[in-house]
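# A closer look at the structure
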Amino acid sequence: MRHLFAISLVTVREVLRRKLQVNLLFFGVVLVVASYLMGGLTLGERYRILSDLGLTAMQLIGVLVAVFVGSNLVSGDMERRVLHPVLAKPISRSGYLLGRYLGLAVVLTLNLAVMTGLLALILVADAGSLSPVGRDFFEAVALQEIQFLVVGAVAMLFSAFTSTTLAAIFTLAIAIAGQMTGEIRALWKGPGTWIPSLLWYLLPNLSALNANEALVYRSPPPAQAWLAAAYGLAYAAAALALAVLVFERRDLR
Amino acid sequence: MRTFRFAQATTFAGLALATWLLASRLDTGRLRPYDVGIVPKASTLRWLSLGHPTLAANLLWLKAVQYIGDPRANERGWDKLYPLVDTATDLDPRHAYAYYVAGTLLSAFDHVPESNAILEKGTRALPDRYILPYQRAFNAFYYEDDWNTAGRFAEISARAPGAPAHVRQNVLAYYVKGQRADAAVAFLEQSLAEAKDPETRKAVEAQIRQAMLERDAVRLDEAVEKWRSRYVIGPLSLEQLVTEKLLAEIPADPHGGELYVDEDGRVRSTANPYRFSKPEPAWTRVPRPRLDKEGKAP
């Protein structure tokens, strides 16, 4: 357990120094601020534009960080040949992988916290009261965090057995497809309905973790959202378990 | 070296000049009013939004706001407002403000059927917003002289939570002018059954009395009209109508007074002589002024 935390701490420090992470976070901050400017273009109901665009900007940046940083963590170490000296120490492969993931999760949470703070500030300044930053706001953010954890776990899975570039491409494709599985299953009629059902179970159903509508209308997320949160955590855990399985058997020579 | 630098500076100056000349010939877009080319289908946008239909709806709404806000909007026309807002509300059916704004503007700019369509869609999607059916009722009586439809939508509006008390009076007025005072009585009796406080009950009871008077007075007015066609002048009393077999009996005055025929041949109550005015026939009315290119009445 000590090794796991040590690796995660190293991961957090390493990632926070990366240009990609810093640039994406900066871009996220710019996008959230841009949502404030966009809110000025609407006719009445500024809140709906601010909250919707702000939350989507946070999601976009969070998912991109999870994809590009996550897919680089294990495969990047292999490509740079820094994995071997680490594994030569009394650290199991699973401990190493989980430590990397834990570090990634901390970075994703930190990013989300920065963007959440900024969006909350904008919403409060616009409304002139603390009312927009209530339970519904934090519930929407919590669901978004779970989305990032799922995407991060998928990135770790691909990173465990393929190159950084391929892992990033696969994870990005799955992150996009994961936003559409619900729609595909609902709209697919006629023969071959097993195909969307199969996709529904295989791919992460990320759209179930979107709480934009609930935030726009200041209503608590539907009961299904908490089921989706449990599903998201279970999916991330399963992806990590598969990543460990693959990584344990991988020939690192 | 100096020649090389001079060549570099000349090349830069030449390219900058060419860019400036080309830029000055570009259409800046400000020369014509803001317009929308194609409004995509809601299903396409739903796919492209990757699970964020409200985001797609909000972006489309921002487009609609730009379309509405162009100072030369009347010069351009309003053809794309309905498809924009219809698609935005397909993606986000709870966008109440979009229904309201589009409904109000479309009717004001001679797109009454589209205004009605968007307001009816909003009424179906948001039964708790009284303003949407209220606006639809306004369209019906103001633009279409359809008092019955106005009454029907005013009734929907009056039943919505938070509807102001005056909407009930609108229901009464529209139904009476649409010759459907019986529908007004039925609606008001139901309102009375649901009224909890004594003030509301008192107000509704007064409206019921007026509605009953209007319902009965229509029959009486018709009998008076027949009398006048026979004898040129009006009857001296309502009893003469019974004697002449134009009426079976004289109904009781719902206000508790006596019914009488005034100089204009309309039946009124001594306790409350108020009657709703008859709607003007469409052919007698001065046509509504069409708005000019700046949106003002000439």
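Keep in mind the model is a prediction, meaning the values are calculated, not measured.

## A few points about the environment of Leu 4 of chain A
Residues and elements named next belong to chain A. Along the chain, Leu 4 falls in helix α1 (residues 2-17). On a C-alpha basis, the gap between Leu 4 and Leu 97 in space is 8.7 Å, while along the polypeptide they are 93 residues apart. Sequence-distant contacts of Leu 4, that is, excluding residues within four places in its chain, are made with Gly 95, Leu 98, Gly 99 and Leu 102.

## A short note on empty space enclosed by the protein
Unfilled space is identified by rolling a water-sized probe across the atoms. Residue and element names in this part refer to chain A. Under the counting rule described, the total for this entry stands at one cavity of 30 Å³ or more. In this structure, the largest cavity occupies an estimated 40 Å³ of space. Along the walls of the largest cavity sit Leu 55, Gln 59, Ala 140, Gln 144, Gln 147, Leu 209, Asn 210, Ala 211 and Asn 212, which together make up its complete lining. Per-element tally for the lining of the largest cavity: the top contributor is helix α6 (residues 135-159), with three residues.

## Description of the packing of aromatic side chains
Going through the model one piece at a time under the given rule, you end up with 19 aromatic pairs over all chains. Taken together, a centroid distance of 6.3 Å and an interplanar angle of 70° make the contact between Tyr 130 of chain B and Tyr 134 of chain B edge-to-face. Tyr 130 of chain B gets classed as partly exposed once you look at its relative accessible area, which sits at 24%. By the ring-pair criterion, three or more aromatic residues cluster together here, those being Phe 138, Phe 141, Tyr 142, Tyr 143, Trp 147 and Tyr 174 of chain B. Here the basic side chain of Arg 93 of chain A rests over the ring of Phe 247 of chain A, its NZ or CZ set 5.8 Å away from the ring centre. Here the guanidinium or amino end of Arg 218 of chain A rests over the ring plane of Tyr 47 of chain A, the centre of that ring lying 4.8 Å away.

## Observations regarding the environment of Gly 256 of chain B
With respect to the helices and strands, the residue Gly 256 of chain B is situated in the loop between α13 (239-243) and β1 (259-261). Under the relative-accessibility criterion, Gly 256 of chain B is labelled exposed at 65%.

## Points about helix α10 (residues 166-177) of chain B
Residue and element names in this part refer to chain B. If you check α10, its first and last C-alpha atoms are 17 Å apart, about what twelve residues at 1.5 Å a residue would give, namely 16 Å. Of all the twelve residues making up α10, ten are buried; the element is thus mostly covered by neighbouring parts of the structure. Buried within α10 are the following residues: Val 167, Arg 168, Asn 170, Val 171, Leu 172, Ala 173, Tyr 174, Tyr 175, Val 176 and Lys 177. On its buried side, α10 packs onto α8 (131-144), α9 (147-159), α11 (181-194) and α12 (198-231). Backbone geometry just after α10 places Gln 179 at a positive phi near 60°.

## Digging into the layout of surface pockets
One number sums up the size of the largest pocket: a volume of about 630 Å³. Ser 207, Ala 208, Leu 209, Asn 210 and Pro 222 of chain A are, among the 29 residues lining the largest pocket, the residues nearest its centre. Among the secondary structure elements, those contributing two or more residues to the lining of the largest pocket are α8 (181-187), α9 (194-202), α10 (212-216) and α11 (223-249) of chain A together with α3 (53-69) of chain B. Element by element, the count of residues in the lining of the largest pocket is highest for α11 of chain A, at five residues. Here the residues of the lining of the largest pocket are counted per class, giving 15 nonpolar, ten polar and four charged.

## Looking at the environment of Ser 277 of chain B
All names here are of chain B. Among the secondary structure elements, Ser 277 is positioned in the segment after β2 (267-269). Judged by its relative accessible area of 44%, Ser 277 falls in the partly exposed class. Taking C-alpha positions, Ser 277 is 12 Å from Leu 172, a pair spaced 105 residues apart along the chain. Beyond its immediate stretch of four places on either side in the chain, Ser 277 contacts Lys 177 and Arg 266.

## Details of the interface of chain A and chain B
How big an interface is tends to be stated in terms of accessible area lost as the parts join. With 24 residues of chain A in contact, the opposing surface of chain B contributes 17 residues. Counting the surface lost from both chain A and chain B, the interface buries some 2000 Å², and carbon and sulfur atoms represent 63% of this. Per-residue buried area on chain A facing chain B is highest for Leu 43, Arg 48 and Tyr 217 of chain A; these three make up 26% of the total on that side. Viewed at the interface, chain B and chain A are joined by 13 residue pairs in polar contact (both at pLDDT 80 or more).

Scoring rules and cut-offs
Residues numbered from 1 in each chain as written. Chains lettered and ligands numbered in written order. Predicted model: local features only at pLDDT ≥ 70, side-chain atom pairs only at ≥ 80, totals over all residues. Heavy atoms only, no water. Helix = DSSP H or I, 4+ residues; strand = E, 2+ residues; numbered from the N terminus. Contact = heavy atoms within 4.5 Å. 1 Å grid on protein atoms, 1.4 Å probe; cavity = no way out; pocket = protein on both sides within 12 Å on 5 of 7 lines; lining within 4 Å. Points joined across faces, edges and corners; volume = space filled by probe spheres on them. Phe/Tyr/Trp six-rings, centres within 6.5 Å; stacked < 30°, edge-to-face > 60°. Buried < 20%, exposed > 50% of the residue type's maximum accessible area, 1.4 Å probe, protein only. Lys NZ or Arg CZ within 6 Å of the ring centre and 35° of its normal. Expected span 1.5 Å × (residues − 1). Nonpolar A, V, L, I, M, F, W, Y, C, P; charged D, E, K, R; others polar. Buried area = accessible area lost by both parts, 1.4 Å probe. Polar contact = N/O pair within 3.5 Å; in protein donor to acceptor, adjacent residues only side chain to side chain.

Functional significance is not addressed by these values, which are geometric in nature.
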